[in-house]
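Chain by chain, the residues:
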Amino acid sequence: MTAEKQCTVVRTGQYEGVQGGMFGVGVSAQSAGAERLCLHRLVMPAGTRGRPHLHEGHESAIFIQSGEVEVWHGEGLTEHMVLRAGDYLHIPADTPHMPVNNGTEEMVCLVARTDPNEQEGVRLLELPAWLEARLGPLLVGAG
């Protein structure tokens, strides 16, 4: 006979992701025993950016709750898009990406991944020199 599974409530806390950004502790293997997904809230203050990264073997889905964020993505981070409140974004597994908040207000989003572990699948990448020169001195990792 198998053990009966129970629902789990997670009271949010915070942690800074290795890829930058302040994450609200959500549903994950660590917080709730999730086996195939994680769901977190990310807040990026104005004038900050994440670090270039990818999620090895796992796709992500993002919903922008408020604010605006630029996402540089693809090989060499050469692709660019702007997301606004109400937009959804799908990031395929192993796709390089980096969020940038050049706006005047914080950006808040919900992030879901097929990796139940909060940080294990994150692989940091180098920021291309051309993109660093274009973006200028935004604070990294603050949001």
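Residues numbered from 1 in each chain as written. Predicted model: local features only at pLDDT ≥ 70, side-chain atom pairs only at ≥ 80, totals over all residues. Heavy atoms only, no water.

Q: Break down the nonpolar core for me, with residues and values.
A: Ranked by size, the top nonpolar core spans 14 residues in total, and within it Leu42, Ile62, Ile64, Val69, Met107 and Cys109 carry the most contacts. Only strand E3 (38–44), strand E6 (60–66), strand E7 (68–73), strand E9 (88–91) and strand E11 (107–113) provide two or more residues apiece to this core. It is E11 that provides the largest number of residues to this core, a total of three residues. The next biggest cluster of nonpolar side chains, apart from the first, holds six residues, and it includes Trp72, Met98, Leu131 and Leu135. (Core = buried A, V, L, I, M, F, W, Y, C linked by side-chain atoms within 4.5 Å. Buried < 20%, exposed > 50% of the residue type's maximum accessible area, 1.4 Å probe, protein only. Helix = DSSP H or I, 4+ residues; strand = E, 2+ residues; numbered from the N terminus.)

Q: Would you mind going over the side chain of histidine 55 in detail, with residue names and values included?
A: Relative to the assigned elements, histidine 55 resides in strand E5 (residues 53–55). Among the polar contacts made by the side chain of histidine 55, one reaches the side chain of histidine 53 at a distance of 3.4 Å. Ignoring anything within four residues of it in the chain, the contact list for histidine 55 reads Gln19, Ser60, Ala93, Asp94, His97, Arg113, Gly121 and Val122. (Polar contact = N/O pair within 3.5 Å; in protein donor to acceptor, adjacent residues only side chain to side chain. Contact = heavy atoms within 4.5 Å.)

Q: Which residues make up the pattern of salt bridges, and what are the values?
A: Under the criterion given, the structure shown has four salt bridges. Residues arginine 36 and glutamate 35 are paired through a salt bridge, measuring 3.8 Å at the closest nitrogen-oxygen approach. When its relative accessible area of 62% is taken as the criterion, arginine 36 is described as exposed. Glutamate 56 serves as the salt-bridge partner of arginine 123, at 3.4 Å between the closest nitrogen and oxygen. One end of the pair, arginine 123, is in strand E12 (residues 122–124); the other, glutamate 56, is in the loop between E5 and E6, and 67 residues separate them in sequence. Ionic contacts of the salt-bridge type, sharing partners, join the residues Lys5, Glu35 and Arg36 into one network. (Salt bridge = Lys/Arg side-chain N within 4 Å of Asp/Glu carboxyl O.)

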